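Structural description and commentary
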Amino acid sequence: MLDSAQAKLQGAVRKAIAALTAFVLSMVLLTALLITGFYLLIQAAILALSPFIGEAGAMATVGVLCMFLLGVFFWRMTSTPSASAKKEGTDSRGESSVEALRGLIRNNPLEAALTAFVVGVAQQGDPRLRSLLMKGGMELMKEAEADAHSQSEPKSQSEPTQPESEPEDTAAAAPGTADQESGSTLR
C-alpha cells in the first residue's frame with residue numbers, strides 16, 4: 001500500500017514537473033515570437049518610410065522612435081508612485097508581517113502558488129522544514145479562524161436574542177421560589 005501511494009506521489013510530481021517544463025517552454029516560444037514580431041514591425045516601418053525619406057532617413061526615424069518608446073517605458077518604471085500608491089504603501093508598513101504576506105498572496109496568487117510548489121518540491125526530503133511549514137500554516141489558519149469569529153461576534157452581541165431575555169424571566173421568578181425554599185428550610 002505504501003508503494004502504491006509513493007508511486008502515485010511520484011506520478012503527480014512527474015506530471016507537475018512536465019507541466020512546469022511546458023509552461024517554461026511556452027514562455028520562451030512566446031518571447032521569441034514577440035521579439036520576432038517587433039523586429040518585423042521595425043523592418044516594415046523602414047520599408048514603408050523608405051520611398052518618402054530614403055532608406056537612411058527611414059532607419060534613423062524608426063530608431064529614434066524606438067529609443068523614445070524605450071525611454072518612456074523606463075521613465076515610467078523609475079518614476080515615483082502616485083499618491084494613492086503611496087497611501088497603500090504606508091498602510092502596508094503599519095500592518096503585521098502576516099497581513100503583508102496575505103496581501104502579497106492576494107495580489108499575486110499565481111506566483112505564490114508556483115513558489116509554494118517549487119519550495120515543496122525542492123525541500124521534500126527535509127523533515128525539519130516540513131514541520132516548520134506545517135506549524136506556520138496551522139498558526140495562520142487558526143489566526144484566520146479567530147479573525148472570522150471575532151468579526152461575527154460583534155453582530156451577534158448587538159442583536160438581542162431570546163436566550164438573553166430568558167434569564168431575566170427566570171431571575172424574576174427565582175426570588176419567589178427562593179423565598180418559598182428558604183421558608184421551608186427555616187421551618
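Predicted, not measured: the structure shown is a model, and the values here were computed from it.

Right, let's get into the overall build of the protein. Secondary structure summary: the protein contains six helices and zero strands in total. Across the protein, helices and strands are ordered from the amino to the carboxyl terminus as α-α-α-α-α-α.

Attention now moves to the environment of Leu47. Positionally, Leu47 belongs in helix H1 (residues 2–78). With 12 residues separating them in the primary sequence, Leu47 and Met59 have C-alpha atoms 9.0 Å apart.

Quick look at the pattern of salt bridges now. Tallied over the full model, the rule gives one salt bridge. Glu99 serves as the salt-bridge partner of Arg102, at 3.1 Å between the closest nitrogen and oxygen. Of the two residues, Arg102 and Glu99 are both situated in helix H3 (residues 97–107); the distance of three residues between them amounts to about one turn of the helix. Here Glu99 falls in the partly exposed class, since its relative accessible area comes to 27%.

Below, the discussion takes up H1. With 77 residues, H1 should reach 114 Å at 1.5 Å per residue; the first-to-last C-alpha distance of 55 Å falls well below that figure. At Ile53, H1 shows its maximal kink, close to 125°. Every buried residue of H1 is accounted for by Ile46, Ser50, Ala58 and Val62.

On average, residues of the protein carry a pLDDT of 75, and 66% of them reach 70 or more. Note that residues 163–175 has pLDDT below 50 and, in this model, zero contacts with residues that lie over four places away or in other chains. Here residues 177–185 scores under 50 on pLDDT; set against residues more than four positions off or in separate chains, the count is zero contacts.

What counts and what doesn't
- Residues numbered from 1 in each chain as written.
- Predicted model: local features only at pLDDT ≥ 70, side-chain atom pairs only at ≥ 80, totals over all residues.
- Heavy atoms only, no water.
- Helix = DSSP H or I, 4+ residues; strand = E, 2+ residues; numbered from the N terminus.
- Salt bridge = Lys/Arg side-chain N within 4 Å of Asp/Glu carboxyl O.
- Buried < 20%, exposed > 50% of the residue type's maximum accessible area, 1.4 Å probe, protein only.
- Expected span 1.5 Å × (residues − 1).
- Bend = angle between axes of the 7 residues up to and from the residue.
- pLDDT = per-residue confidence, 0-100.
- Contact = heavy atoms within 4.5 Å.

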